[in-house]
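# Summary of structural features
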Amino acid sequence: AWLHFSLSYHYRYIGFLEESEREIETALSIDPQNPRFRSSIVTYMFLGKYDEIIESFNLDSESPFTLNYLGEVSFRNGNNEQALEYFEKVLRIKEEIGEFYFASSLVEFIEGNIEKAAEFNLKRELENPADSEIWYEIARVYGLFEMKKDCYRALKKSINMGYVSYPAMQRDSFLDSVRDDQGIQDLLKQAQMMHEELKEKLLTAY
């Protein structure tokens, strides 16, 4: 199960989303309740499976990580009330930093406080996370806020650290308001090129 989950995890980072889904489903068929497989929610989200996630995703469902993604999926699905319920659960969890900042950003955005929302996302950025996918998360939140320069900065960091999930970037509605920026277009082309190179080298037959 761990081998299949690990492969799913790596596939997600380089943009093989359908392959990532197949591998996590294999992992879950072997070990269906393993809470450590919770990050599979990211694959399902970028495949647009919002209803399925809300109805059935239950891995580590009280952790701030899962609650935040359930909140984001609800928000992407147009249910702000449900999204706020998930995010507010995160805000009540003590001794949480990064996930607290993410939840706070989205809560403030939903409530119309863009400046304060951006302050929380900047605080998360200044934590200087080691995970390239978190840098993409920071970038797409800036994109949601229509903050092109900030989105560019975080997106560049994410790609340079190895997150090249171009299909996720291409489909991500959070980036729609910043796609006309030339710098962001250049970064997306860079991610696409790296993704395509990896696809030629690594993709196995299913």
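Note: the structure precedes this text.
Here is a short report on the structure shown in this document. Values in this document were obtained by computation on a predicted structure and should not be read as measured data. (Residues numbered from 1 in each chain as written. Predicted model: local features only at pLDDT ≥ 70, side-chain atom pairs only at ≥ 80, totals over all residues. Heavy atoms only, no water.)

### Overview of the packing of helix α6 (residues 80-91) against helix α7 (residues 98-110)
Convention followed: Angles shown run from 0 to 180 degrees and are taken between the N-to-C directions of axes, each axis being a line fitted to C-alpha atoms and, for helices, limited to the stretch in contact. Helical segments are the DSSP runs of H or I of at least four residues, strand segments are the runs of E of at least two, and each set is numbered from the N terminus. Should the near helix be turned anticlockwise from the far one by less than a right angle, the crossing is left-handed, and should it be turned clockwise, the crossing is right-handed. Note on contacts: a residue pair qualifies if any of its non-hydrogen atoms lie within 4.5 Å across the two residues. Side-chain classes are defined by residue name, with Ala, Val, Leu, Ile, Met, Phe, Trp, Tyr, Cys and Pro counting as nonpolar, Asp, Glu, Lys and Arg as charged, and the others, Gly among them, as polar.
It is at 9 Å that the axes of α6 and α7 come closest, and there the two elements cross at 145 degrees. Our pair here, α6 against α7, has a crossing hand that is left-handed. On α7, the residues that touch Asn-80, Ala-83, Leu-84, Phe-87, Val-90 and Leu-91 of α6 are Glu-99, Phe-100, Phe-102, Ala-103, Ser-104, Leu-106, Val-107 and Ile-110. Of the residues assigned to the contact of α6 with α7, the class counts are 11 nonpolar, two polar and one charged.

### Some words on the pattern of salt bridges
Heads up, the rule is: Salt bridges are defined by distance alone: a side-chain nitrogen of Lys or Arg within 4 Å of a carboxyl oxygen of Asp or Glu.
Per the counting criterion, the structure on display carries 14 salt bridges. Its salt-bridge partner being Glu-72, residue Arg-140 comes within 2.3 Å of it at the nearest N-O pair. In this pair, Arg-140 is assigned in helix α9 (residues 132-144) and Glu-72 in helix α5 (residues 64-76), connecting sequence segments 68 residues apart.

### Concerning the side chain of Thr-43
Let me state the cut-off plainly: Per-residue accessibility, obtained with a 1.4 Å probe over protein chains only, is compared with the maximum for each type, and a residue is labelled buried under 20%, exposed over 50%, and partly exposed between these values. Under this definition, polar contacts are N or O atom pairs within 3.5 Å; protein pairs additionally need one hydrogen-donor-capable and one acceptor-capable atom, and for neighbouring residues in sequence, both atoms have to be side-chain atoms.
With respect to the helices, strands and loops of the structure, Thr-43 is situated in helix α3 (residues 40-46). Under the relative-accessibility criterion, Thr-43 is labelled buried at 0%. Of note is the side chain of Thr-43, whose polar atom sits 2.8 Å from the side chain of Ser-20. With near-sequence residues (within four places) excluded, Thr-43 lies in contact with Arg-12, Leu-17, Ser-20 and Glu-21.

### What to know about the packing of aromatic side chains
Geometrically, a pair of aromatic rings is defined through the distance of the ring centres and the angle of the planes. Going by this rule: Each pair of aromatic rings taken from Phe, Tyr and Trp, with Trp reduced to its six-membered ring, is defined by centres within 6.5 Å and is described as stacked if the planes are under 30 degrees apart, edge-to-face if over 60, and tilted in the remaining cases.
Considering all chains together, one arrives at 17 aromatic pairs under this definition. Ring geometry for Phe-65 against Tyr-69: centres 5.0 Å apart, planes inclined by 45 degrees, an arrangement best described as tilted. A residue pair is termed a helical-turn pair when its members lie 3 or 4 positions apart in one helix, as Phe-65 and Tyr-69 do in helix α5 at four residues. Neither residue differs from the other here; Phe-65 and Tyr-69 are each classed as buried. Aromatic side chains Phe-75 and Phe-109 sit 6.0 Å apart centroid to centroid with 80 degrees between the ring planes, which places their arrangement in the edge-to-face category. Highlighted residues: Phe-75 in helix α5 and Phe-109 in helix α7, separated in sequence by 34 residues. Each of the two residues, Phe-75 as well as Phe-109, counts as buried.

### Let's talk about the layout of surface pockets
A probe matching the size of a water molecule, rolled over the atoms, marks out where space remains unfilled. Counted only if it meets this: Grid spacing is 1 Å over the protein atoms alone, the probe is 1.4 Å, and a cavity is where that probe fits but cannot get out, while a pocket is an open set with protein on both sides within 12 Å along at least five of seven lines and lining residues have an atom within 4 Å of a point. Grid points are joined across faces, edges and corners, and a volume is the space filled by probe spheres set on the points.
Estimated volume of the largest pocket: approximately 420 Å³. For the largest pocket, the lining is made up of 23 residues, of which Arg-38, Phe-65, Glu-99, Asp-131 and Ile-134 are closest to its centre. Sorting the residues of the lining of the largest pocket by element identifies α1 (2-14), α5, α7 and α9 as the ones contributing at least two each. It is α1 that contributes the most residues to the lining of the largest pocket, five residues altogether. Per-class residue counts for the lining of the largest pocket are 10 nonpolar, two polar and 11 charged.

### Looking at α9
Using the following cut-off: Working rule for helices: expected span equals 1.5 Å times residues minus one.
The end-to-end C-alpha distance of α9 is 19 Å, a good match for the 18 Å that 13 residues give at a rise of 1.5 Å each. Inspection of α9 places Ser-132, Glu-133, Trp-135, Tyr-136, Glu-137, Ile-138, Ala-139, Arg-140, Val-141, Tyr-142, Gly-143 and Leu-144 among the buried residues, and these make up the whole buried set. The opening residue of α9, the one whose side-chain oxygen lies 2.8 Å from the backbone nitrogen of Glu-133, is Asp-131.

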